[in-house]
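Chain residues, written in single-letter form:
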Amino acid sequence: MQYHIASRLAIAVGIAASGCALGILLQDAIRTGIFTLEHALIPGMVGIAIAAGHLVGTALRSRKYLSALGFAVSFALATLLTVYTSVSKQADQSETVISAVSVTNTARKGKEDELARTRTRYEQANVMAEREMTGQKCLARCADWKTRSAEVAARVEKLEGELKDMAPPKPVTVGADKMAKVITMFVVQDVERVKAMLLLLEPFAKALLFELTAIVAFGFGFGHRRAVKLKKPARVSAPDPKPAPPGSEDRVVDWVREFRRRHGRNPQIPEVQREFGLPKTSAWRKIKAA
């Protein structure tokens, strides 16, 4: 088999897909700058998956079925390990992000709920202070509610300041939320169930997309073809000897040139002699002159 570049675009797609797959697998090392043996093995694992997937077809076309079976097993194992590692990395990253966002959102929600309750107490304190008014006078009980109202107002102001300093609430899984709603528009299913399914399948989809795209793209980009065996030219016997007519020196030279063009070599002296009946020395000279 001979390999050649069948599509530069396919090769570029394969390189991009391989880069994306490695980016997912090496994201923690890239982020922290700490590379371990596990990270060093990942490019080899991805390369084996890509090469083995391509070599299965090559071995089958060459009718080497045991080799094809071996490459198929290597491809399956390497792909399984790549997808498993990729899904693990993505799940760890997404769970970390979701956890951090959930903590922030929960803290803000708690602060907002406390502010709402405090505002309610403030309004209640003002109502009670008004009820305890005796004519135009605010006696002891009224004064107590006024004091309570001032204290709660200070708490409201403090909570409002704390909320301003906190980060605004962030969506946790906005993509899955939107997609689940779109799907349930056409399929009658539970939105939360569809959302959970999307969150589960997303890392698998990315891993398989990059892995299979790289295999297919490189397999198409680097084409292969069978080596064409050149047939040896059939040995053509020299024409029957003919007597050399008088003044045939130029004709002998022309014949030698034509013989060289057809057979890729100079005629031997006996062949010239048989053709023209020349002496050995004359035949040698004509060959050199041609």
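Above this note sits the structure.
Because the structure is a prediction, the values reported are computed rather than measured. (Residues numbered from 1 in each chain as written. Predicted model: local features only at pLDDT ≥ 70, side-chain atom pairs only at ≥ 80, totals over all residues. Heavy atoms only, no water.)

> Before we go on, may I ask you to explain the overall build of the protein in this structure?
Each helix and strand counted, the protein has 10 helices and 4 strands in total. Moving toward the C terminus, one meets the helices and strands of the protein in the order β-α-α-α-α-β-β-α-α-α-β-α-α-α. Relative to its 290 residues, the protein shows a buried fraction of 27%. Here the contacts in the protein between residues at least 6 apart in sequence split such that 68% fall between residues at least 24 apart. By element, 62% of the accessible surface of the protein is carried by carbon and sulfur atoms, the whole surface being about 19800 Å². (Helix = DSSP H or I, 4+ residues; strand = E, 2+ residues; numbered from the N terminus. Buried < 20%, exposed > 50% of the residue type's maximum accessible area, 1.4 Å probe, protein only. Contact = heavy atoms within 4.5 Å. Areas by Shrake-Rupley, 256 points an atom, 1.4 Å probe, with all protein chains shown as cover.)

> How should I be thinking about the nonpolar core in this particular structure?
Where a protein is soluble and globular, its nonpolar side chains tend to be buried together. Core analysis: the biggest nonpolar cluster contains 11 residues, these being I11, A17, L25, L26, I42, M45, V46, I50, A214, I215 and F218. Elements supplying a minimum of two residues to this core: α1 (8-25), α3 (37-61) and α7 (191-221). The biggest single contributor to this core is α3, with 4 residues. Not counting residues up to four positions away in its chain, the partners in contact with I215 are A49, I50, G53, H54 and F75. With 10 residues, the next largest nonpolar core counts V256, V272, L278 and A283 among its residues. (Core = buried A, V, L, I, M, F, W, Y, C linked by side-chain atoms within 4.5 Å.)

> How do you make sense of the packing of aromatic side chains when you look at a structure like this?
Both the distance between ring centres and the angle between the ring planes are used here to describe each pair of aromatic rings. The final tally for this structure, using the stated rule, is 2 aromatic pairs. Seen from their ring centres, W255 and F259 are 5.4 Å apart, and the 35° between their planes marks the pair as tilted. Here F259 and W255 lie together in helix α8 (residues 249-263), a separation of 4 residues that amounts to about one turn. Classification of W255 as buried rests on a relative accessible area of 15%. Seen from their ring centres, W255 and F276 are 5.5 Å apart, and the 85° between their planes marks the pair as edge-to-face. With W255 in helix α8 and F276 in helix α9 (residues 269-276), this residue pair connects regions lying 21 residues apart in the sequence. (Phe/Tyr/Trp six-rings, centres within 6.5 Å; stacked < 30°, edge-to-face > 60°.)

> I tried to follow the packing of helix α4 (residues 65-131) against helix α5 (residues 140-165) on my own but got confused; where do I start?
When two helices pack together, their arrangement is given by the angle between the helix axes and the distance between those axes. Where α4 meets α5, the closest approach of the two axes is 8 Å, and the angle between their N-to-C directions is 160°. The angle between α4 and α5 places the two elements in the roughly antiparallel class. Crossing geometry of α4 relative to α5 is assigned as left-handed. Partitioned by chemical class, the residues of the contact of α4 with α5 number 12 nonpolar, 3 polar and 11 charged. (Axes fitted to C-alpha atoms, helices over the stretch in contact; angles between N-to-C directions. Parallel < 35°, antiparallel > 145°, perpendicular 65-115°, else oblique. Left-handed = near helix turned anticlockwise from the far one by under 90°. Nonpolar A, V, L, I, M, F, W, Y, C, P; charged D, E, K, R; others polar.)

> What exactly am I supposed to notice about the environment of L80 here?
Note that L80 resides in helix α4. Take L80: its relative accessible area is 57%, and that puts it in the exposed class. Remark: the alpha-carbon pair of L80 and L208, spanning 128 residues in sequence, is separated by 9.7 Å.

> Any chance you could explain the state of the cysteines here in plain terms?
Simply put, disulfide is the name for a covalent bond between the sulfur atoms of two cysteines. Evaluated as defined, the whole model comprises 1 disulfide. The disulfide partner of C138 is C142, and the S-S distance across this bridge is 1.9 Å. With the S-S dihedral at roughly -105°, the linkage between C138 and C142 falls on the left-handed side. For C142, a relative accessible area of 0% gives the class buried. (Disulfide = S-S within 2.5 Å.)

> Teacher, can you tell me more about the pattern of salt bridges here?
Between side chains of opposite charge, pairing is possible as soon as their charged atoms come close. Considering all chains together, one arrives at 10 salt bridges under this definition. E160 is the partner of R119 in a salt bridge, and the nearest nitrogen-oxygen pair spans 2.5 Å. You can see R119 sitting in helix α4 and its partner E160 sitting in helix α5, a full 41 residues away along the chain. Its salt-bridge partner being R148, residue E151 comes within 3.9 Å of it at the nearest N-O pair. Of this pair, E151 and R148 both sit in helix α5, separated by 3 residues, roughly a single helical turn. On the basis of relative accessibility, which here comes to 48%, the residue E151 falls in the partly exposed class. Among the charged side chains, a network of salt bridges with common partners joins E258, R261 and R262. (Salt bridge = Lys/Arg side-chain N within 4 Å of Asp/Glu carboxyl O.)

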